[in-house]
Amino acid sequence: MACVKLGSKADAFQRQGQAWFCTTGLPSDIVVEVGEMSFHLHKFPLLSRSGILERMIAEASESEEECVISLGDIPGGAKTFELVAKFCYGVKLELTASNVVYLWCAAERLEMTEEYGEGNLISQAETFFNQVVLHSWKDSLRALQTCDDVLSHAEELHIVKRCIESLAAKASTDPNLFGWPVLERGGPLQSPGGSVLWNGISTGARPKNSSSDWWYEDVTNLSLPLYKRLIAVMESRGIRQEIIAGSLAFYAKTYLPGLNRRQVSGESSRLTQVAMGSPLCEDDQKILLEEIDGLLPMQKGLVQTKFLFGLLRTAMILRVNPSCISNLEKQIGMQLDQATLEDLLMPNFSYSMETLYNVDCVQRILDHFLAMDQVTGGASPCSIDDGQLIGSPSLTPITMVAKLIDGYLAEVAPDVNLKLPKFQALAAAVPEYARPLDDGLYRAIDIYLKSHPWLVESEREQLCRLMDCQKLSLEACTHAAQNERLPIRIIVQVLFFEQLQLRTSIAGCFLVSDNLDGSRQLRSGFVGSTEGGWASAVKENQVLKVGMDNMRMRVSELEKECSNMRQEIEKLGRTKGSSTWGTVSKKLGFKIKSQMCSAQEGSVSNQNNANSKVEKLKDRHVKHKKSSSISDKASVSSIVHS
């Protein structure tokens, strides 16, 4: 920290309890009271430097009593007046960034102008402030910190404004473009050219590049009102919004302990060292959080989503203004696709403790995201092809959110206090086109059914209608077909669509096999050059054939089961004399007879189809012969009778 030495005399001031005495050999003839401290001094050194003290001494000397004057409103209090008194006596003292604001304000209050002596305290303090303090980041910051104690006086002298302008100018300049004087804040001393100095001699070494967040930690020492003014001036100077947002986050983490719960060890220890002072009370934390929320830029991606969730969690604990909580939920909703499952798992801090996690808050955040997605045109139609989402690139965020919500539903499903309507509302809020597959939703529903075994059949069916059986993968279909917790209607639908998927997969395997066989013939002349690639293709072909065989076995098993079911139902129909199969098909909701058993009919070879056609033709030919013979006989008999 830079300093200027004033005065040349030895220190002649001594303190005894709550009193200061000047030991110059002459008895004191005036007592100056500043707060609880009294100064036993001499009139001439004081009135020769201060206009206020000159008038006050003149008024006090008119009375025959002891000359006593009181300075209760001196900026900086007794400690500052001690330095003022030493300056008046010519005693050695140092003018630094820590005391220049106090001395300047006190000198203005005491009218220590050039009229009362050349090189008076006002001119000395102003010169040091302009030529030394404002040229240094560290000194400007320290001087601004001291303005809090004498804010009204510092505002009148424009000290606060000039310090903030100086800091904003230095923060808005790229530190990599110069090494002086910003990097003197904590690193090695550098010359104006940027080379490192050692004992004042240039070493030629260049400093390391500094990032744009080099000033974050320094400004956390400012009070909230001064920090807000500094941020406002920085924004007016065109500093990027993401840099401003980073500083706001660092400042909030310094004074809000709840935000550091999930910080990495390096950053957490750094923030702990910064905030080693007395922690803020809850009321001050509420004020700080609401102010930070008002300063955060409302643009997607500028503020880390994890930090926003931390602010929201802390706001709920502190029970801040509901408008602040709503604003944070909207900002999180704008970038919900950047969140993680850990972020969404916010405990329920309400007194009722209805559920373990705050599902209502997640529902509101999701609603904000969907509303924003509709405004930006993200809700366009799409289709599913082999498990892949086909549509515009803007569907990627909503697909990520759908996967995130499905994971969240699976985490909150074991909560026995989570009501079915609330679970359904959150699951149904995600548009159908946002889920390429419903495996995640099926997993969440299965967990909910397992944790809520008291649900009736109608409630289970209502819950299972949230998922589309056609959008389940083969693995999910296999699991669902054996899941006893699902309603029978859903299991039959799953079996039907599983068979369709197996057929599609088998057809795809045949197509790949044909392509590999064709490529084998085309590459027969280039075996030597493509030996490695051909070997891998052969291995892939073998793997596909094994998978195809397994699928064939599975299809044959399903066809046998379907055939047995049809035979049994037909037997029941014959015995009871009613259309049992039609009744069952109506209950299941679709024509199982014509669709589920089509697999067996579809597996009949082309030769059998041809034979059946020939047999039909033969039957028609025989019938034709019989009818023709009968007609001939009738004609003959008529002729005979005639």
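Since the structure is predicted, the reported quantities are computational estimates derived from the model, not experimental observations.

Asks: Help me understand the overall build of the protein chain in this model?
Replies: Secondary structure assignment for the protein chain yields 28 helices and 11 strands. Counting over 642 residues, the protein chain shows a buried share of 41%. Put simply, of all contacts in the protein chain between residues at least 6 apart along the chain, 68% involve residues at least 24 apart. Surface accessibility of the protein chain: about 34,900 Å² in total, with carbon and sulfur atoms responsible for 54%.

Asks: Teacher, can you tell me more about helix α11 (residues 241-255) here?
Replies: A turn of α-helix holds 3.6 residues, and therefore any two residues three or four places apart point the same way. Between its terminal C-alpha atoms α11 stretches 22 Å, which fits the 21 Å expected from 15 residues at 1.5 Å a residue. Burial analysis of α11 places 11 of its 15 residues in the buried class, which makes it a mostly covered element. The complete set of buried residues in α11 reads Ile243, Ile244, Ala245, Ser247, Leu248, Ala249, Phe250, Tyr251, Ala252, Lys253 and Thr254.

Asks: What am I meant to see in the side chain of asparagine 483 here?
Replies: One can find asparagine 483 in the loop between α22 (474-481) and α23 (488-522). With relative accessibility at 5%, the residue asparagine 483 sits in the buried group. Only 3.1 Å separates the side chain of asparagine 483 from the side chain of tyrosine 442, close enough to count as a polar contact. In terms of polar contacts, asparagine 483 uses its side chain to reach the side chain of aspartate 446, at 2.8 Å.

Asks: Looking at this structure, I do not really get the packing of helix α20 (residues 439-451) against helix α21 (residues 457-464). What am I missing?
Replies: Relative orientation and spacing of two packed helices are given, respectively, by the angle between their axes and the distance between those axes. It is the contact of α20 with α21, at a shortest axis distance of 10 Å, that shows an interaxial angle of 165 degrees. As the angle between them shows, α20 and α21 are arranged roughly antiparallel. The two elements α20 and α21 cross, and the hand of that crossing is right-handed. In contact with Ile445, Tyr448 and Leu449 of α20, α21 contributes Arg460, Leu463 and Cys464. Split by residue class, the contact of α20 with α21 holds five nonpolar, no polar and one charged.

Asks: Is there a simple way to think about the environment of serine 212 in this case?
Replies: Mapped onto the elements of the fold, serine 212 is located in the loop between β9 (201-202) and α9 (216-219). Residue serine 212 is classed as partly exposed on the basis of its relative accessible area, which comes to 35%. Once residues within four sequence positions are removed from consideration, serine 212 is found in contact with Arg240 and Ile243.

Asks: Looking at this structure, I do not really get the pattern of salt bridges. What am I missing?
Replies: Proximity of charged atoms lets side chains of opposite charge pair with each other. Tallied over the full model, the rule gives 16 salt bridges. Note that arginine 55 and glutamate 111 form a salt bridge whose closest N and O atoms lie 3.1 Å from each other. Of this pair, arginine 55 sits in helix α2 (residues 51-61) while glutamate 111 is found in the loop between α4 (100-110) and α5 (121-131), placing the two residues 56 residues apart along the sequence. Judged by relative accessible area, glutamate 111 falls into the partly exposed class, the value being 30%. Here lysine 306 makes a salt bridge to aspartate 343, at a shortest N to O gap of 3.0 Å. You can see lysine 306 sitting in helix α14 (residues 305-318) and its partner aspartate 343 sitting in helix α16 (residues 341-344), a full 37 residues away along the chain. For lysine 306, a relative accessible area of 41% translates into the label partly exposed. Owing to a relative accessible area of 2%, aspartate 343 belongs among the buried residues under this scheme.

Asks: Looking at this model, I keep getting lost on the sheet that holds strand β5 (residues 37-41). Mind explaining?
Replies: In sheet architecture, strand pairing relies on hydrogen bonds along the backbone and comes in two forms, parallel and antiparallel. The sheet built from five strands is open, its strands ordered β2-β3-β5-β4-β6 with mixed pairing. Unpaired on one side and paired on the other, β2 (13-16) and β6 (68-70) mark the two borders of the sheet. On average, adjacent strands in this sheet sit at an angle of 20 degrees to one another, irrespective of strand direction. Bridge count for strand β4 (residues 30-34) against β6 is three bridges, and the pairing is parallel. What sits directly across from valine 31, in β6, is valine 68. Its contacts with the sheet place α2 against β4 and β6, and it is angled at close to 135 degrees to β6. Of the strands in this sheet, β2, β3 (19-22), β4 and β5 are in contact with helix α3 (residues 77-89), which crosses β5 at around 10 degrees.

Asks: Mind showing me how you'd approach the nonpolar core here?
Replies: Generally speaking, a soluble globular protein has its nonpolar side chains buried in company with each other. By size, the foremost hydrophobic cluster in this structure holds 153 residues, and its most contacted members are Val32, Leu41 and Ile159. Judged by nonpolar contacts, the second largest core, of five residues, contains Leu502, Ile506, Met551 and Leu558.

Asks: Can you walk me through the packing of aromatic side chains in this structure?
Replies: To describe a pair of aromatic rings, one takes the distance between the centres and the angle between the planes. Applying the stated criterion across every chain, the model contains nine aromatic pairs. Judged by centre distance (5.0 Å) and plane angle (90 degrees), the ring pair of tryptophan 215 and tyrosine 216 falls under edge-to-face. Comparing tryptophan 215 with tyrosine 216 shows no difference in burial state: the two are buried. A ring pair is formed by phenylalanine 423 and tyrosine 448, whose centres lie 4.5 Å apart and whose planes are at 25 degrees; its orientation type is stacked. With phenylalanine 423 in helix α19 (residues 420-429) and tyrosine 448 in helix α20, the pair connects residues that are 25 residues apart, well separated along the chain. Grouping residues by exposure puts phenylalanine 423 and tyrosine 448 together as buried. An aromatic cluster of at least three residues, connected via ring pairs, comprises Trp215, Tyr216 and Phe250.

Asks: Just checking my understanding: could you explain unusual backbone geometry for this structure?
Replies: Glycine aside, negative phi is the norm for most residues, and most peptide bonds take the trans geometry. With a phi angle near 55 degrees, glutamate 111 is a residue other than glycine that sits in the positive phi range. Positive phi is not limited to glycine here, since arginine 319 has a value of about 55 degrees. Take arginine 319: it is sitting in the loop between α14 and α15 (322-334). Assessed through its relative accessible area of 40%, arginine 319 is described here as partly exposed.

Asks: Whenever I open this one, the pairing of β3 confuses me. Can you help?
Replies: Consecutive side chains of a regular strand alternate in pointing toward one face of the sheet and then the other. Relative to β3, β2 runs antiparallel, the two being bridged by four bridges. Note that in β3 the partner of phenylalanine 13 across the bridge is cysteine 22. In this antiparallel pair of consecutive strands, β2 and β3, the connection spans two residues, and glycine 17 shows a positive phi of 65 degrees. Both β3 and β5 contribute to a ladder of three bridges, which runs parallel. For phenylalanine 21, the partnering residue across the bridge sits in β5 and is histidine 40.

Asks: Can you help me understand the environment of aspartate 373 in this one?
Replies: Relative to the elements of secondary structure, aspartate 373 occurs in helix α17 (residues 359-375). With 24 residues separating them along the chain, aspartate 373 and proline 397 place their C-alpha atoms 8.9 Å apart.

Asks: Quick question: what am I supposed to make of the side chain of lysine 471 here?
Replies: Along the chain, the position of lysine 471 falls in the loop between α21 and α22. Ignoring anything within four residues of it in the chain, the contact list for lysine 471 reads Glu432, Arg435, Pro436, Leu437, Asp438 and Asp439.

Asks: Would you mind showing me how to read the confidence of the model for the protein chain here?
Replies: Caution applies to low-pLDDT regions: their predicted coordinates should not be interpreted in detail. For the protein chain, the mean per-residue pLDDT works out to 77, and 70% of the residues sit at or above 70. The model gives residues 379-394 a pLDDT under 50, and that stretch makes 26 contacts with residues more than four places away or in other chains. This stretch, residues 620-642, has a pLDDT under 50; its non-local contacts, to residues over four places away or in other chains, come to zero contacts.

Rules behind the numbers
- Each chain carries its own residue numbering, running from 1 in the direction its sequence is written.
- Only residues with pLDDT of at least 70 are given local features in this predicted model, and only at 80 or more are side-chain atom pairs given and counted; all residues enter the totals for whole chains, interfaces and linings.
- To obtain the side-chain values, all non-hydrogen atoms of the structure were used and water was disregarded.
- In this text, helices come from DSSP runs of H or I with a minimum length of four residues, and strands from runs of E with a minimum of two, each type numbered from the N-terminal end.
- Three exposure classes are used, based on accessible area relative to the maximum for each residue type with a 1.4 Å probe and protein chains only: buried under 20%, partly exposed in between, and exposed over 50%.
- We call two residues in contact whenever any of their non-hydrogen atoms come within 4.5 Å of each other.
- Areas reported here follow the Shrake-Rupley algorithm with a probe of radius 1.4 Å; residue values treat only the protein chains shown as occluding.
- One less than the number of residues in a helix, times 1.5 Å, gives the span that helix is expected to have.
- Polar contact criterion, stated in full: a pair of N or O atoms within 3.5 Å, where within protein one must be able to donate a hydrogen and the other to accept it, and residues adjacent in sequence count only if both atoms are side-chain atoms.
- The axes used here are C-alpha line fits, helices contributing only the stretch in contact, and every angle between their N-to-C directions lies in the interval 0 to 180 degrees.
- Here the angle decides the label: under 35 degrees means roughly parallel, over 145 means roughly antiparallel, 65 to 115 means roughly perpendicular, and every other value means oblique.
- For a crossing to be left-handed, the near helix must be turned anticlockwise from the far one by less than a right angle; the clockwise case is right-handed.
- Each residue receives one of three labels: charged for Asp, Glu, Lys and Arg, nonpolar for Ala, Val, Leu, Ile, Met, Phe, Trp, Tyr, Cys and Pro, and polar for the others, Gly being one of them.
- Any Lys or Arg side-chain nitrogen found within 4 Å of a carboxyl oxygen on Asp or Glu counts as a salt bridge.
- Two strands qualify as a pair provided that DSSP identifies no fewer than 2 bridges between them.
- What we call a nonpolar core is a set of buried Ala, Val, Leu, Ile, Met, Phe, Trp, Tyr and Cys residues that are connected through their side-chain atoms within 4.5 Å.
- Pairing of aromatic rings covers Phe, Tyr and the six-membered ring of Trp, with a centre-to-centre limit of 6.5 Å; geometry is then stacked below 30 degrees between planes, edge-to-face above 60, and tilted otherwise.
- Here pLDDT means the predictor's own confidence in every residue, given as a number from 0 to 100.

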